[in-house]
Amino acid sequence: MKKLLSAAIFAVILLMTSCAPKFSSAEIFAMDTVMKLTAYGANADAALEKAEESINSLDKTLSVHDEDGELFKLNREGEASLSEDAYEVVKSSLKYCEETDGCFNPALFPVMDLWGFTDKNYRVPTEGELKKALSLAKPESISLNDANRRGRLNLKGMALDMGGIAKGYASLKAIEVLRESCVENAIVNLGGNVHTLGTKPDGSLWKVAVENPDGDGYLAVVEVADKAVITSGDYERNFTKNGKIYHHIIDPSTGKPAESGLRSVTVVSNDSVRADALSTALFVMGVDKATDYWRNNSGFELVLYTADKKMLVTEGLQDSLSSELSYDIVKK
Ligand code: AMP
Ligand code: MG
């Protein structure tokens, strides 16, 4: 009898372990942030290794510091032949610059540098310095040649910064690599920018928490599959000088940290590159322009959080968002 019982218990344990989906996780530091990748399935380990390689390679390609990187070379020499990835990122950045009426500006490196956001040597620039740096932040002076993938910066001293779009592109590529490696369920979190592949292995939706800029728990949880949930917030990178907080999302019309009345913008979309560009651009726009932009365009939903602690959620997220806080629904 005893033997029979232990055989039964053994069989149940065996059944449980064989039913549990195999998964693998990796934590890496790239693009100046901590990233966590989780993939399910028999090939998860090998797939994650490839995804990591892809992210590290893009980190180098799009870095403004790495002397061996392509963006660094383009910025230093004013002209460079670009790989497919670098070319696509720069081209997308120009597209979203146009679509957001310049609120997304890919040529802000001289301005970011003045504030010390590029090397963490923070300072508040003078108006004169800002004016000069802004005169170089001219996306219309970027030329791209599709035929030979050459990029050219037509103003001496101008330089690009892909920080507002690079993580969205990196998560797109990581998810592509995982899919090509036969992974069907995965979630990658690139410093708060989340991208999901498929559903959870049990078929349920991924639950993604939206950070609360006030630091108390989460604003909300959204349930998604095959989507990116990408946030731009003033709390992500900032410094304080004489009691004033200066954050890293720049209003291209002033060269200063955007004071739009927003503290964070979360974009939910199946296009992570667009979501990343839009999270930055809509932060600059402020509530009214951002919600108008949402009304006039499709393919994404928003969670907005304002400086006066109001949360706004666009109506397409109504069924997939839960929150313990109160919020207003924005309608088309
Ligand atoms: P995100 O966290 O995606 O909003 O990206 C912020 C980063 O994008 C900054 O650290 C800068 O590198 C860059 N950036 C800041 N302001 C802008 C802007 N208005 N348009 C495009 N990129 C920006
Ligand atoms: Mg962004």
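Rules behind the numbers
- Residues numbered from 1 in each chain as written.
- Chains lettered and ligands numbered in written order.
- Predicted model: local features only at pLDDT ≥ 70, side-chain atom pairs only at ≥ 80, totals over all residues.
- Heavy atoms only, no water.
- Near = heavy atom within 4 Å.
- Polar contact = N/O pair within 3.5 Å; in protein donor to acceptor, adjacent residues only side chain to side chain.
- 1 Å grid on protein atoms, 1.4 Å probe; cavity = no way out; pocket = protein on both sides within 12 Å on 5 of 7 lines; lining within 4 Å.
- Sits in = over half its atoms within 2 Å of the grid points.
- Pairing = 2+ DSSP bridges.
- Helix = DSSP H or I, 4+ residues; strand = E, 2+ residues; numbered from the N terminus.
- Axes fitted to C-alpha atoms, helices over the stretch in contact; angles between N-to-C directions.
- Contact = heavy atoms within 4.5 Å.
- Core = buried A, V, L, I, M, F, W, Y, C linked by side-chain atoms within 4.5 Å.
- Buried < 20%, exposed > 50% of the residue type's maximum accessible area, 1.4 Å probe, protein only.

S.K.: Give a description of the site of ligand 1 that names residues and reports values.
M.R.: Close to ligand 1 lie 17 residues; Asn105, Asp161, Ser232, Ile250 and Thr280 are nearest. Interatomic distance of 3.0 Å between a backbone N/O atom of Cys103 and a nitrogen atom of ligand 1. Within the side chain of Ser232, an N or O atom sits 2.6 Å from an oxygen atom of ligand 1. More than half of the atoms belonging to ligand 1 lie within 2 Å of the grid points that define the largest pocket.

S.K.: Tell me about the sheet that holds strand 4 (residues 142-145), residues and numbers included.
M.R.: What holds strands together in a sheet is hydrogen bonding between their backbones, with the strands either parallel or antiparallel. Pairing is antiparallel across the open sheet formed by three strands, whose spatial order is 3-5-4. The open sheet is flanked by strand 3 (79-81) and strand 4, the only strands paired with a single partner. Pairs of neighbouring strands in the sheet enclose a mean axial angle of 10°, with direction left out of account. Sitting on the sheet, helix 3 (residues 70-77) is in contact with strand 3 and strand 5 (150-153), with an inclination near 150° to strand 3. Packed onto the sheet, helix 4 (residues 84-99) meets strand 4 and strand 5 and runs at close to 130° relative to strand 4.

S.K.: Can you explain the nonpolar core? Please cite residues and give values.
M.R.: Residues Leu160, Leu178 and Leu282 are the most contacted members of the largest nonpolar core, which totals 73 residues. At nine residues, the largest contribution of residues to this core is made by helix 8 (residues 272-285).

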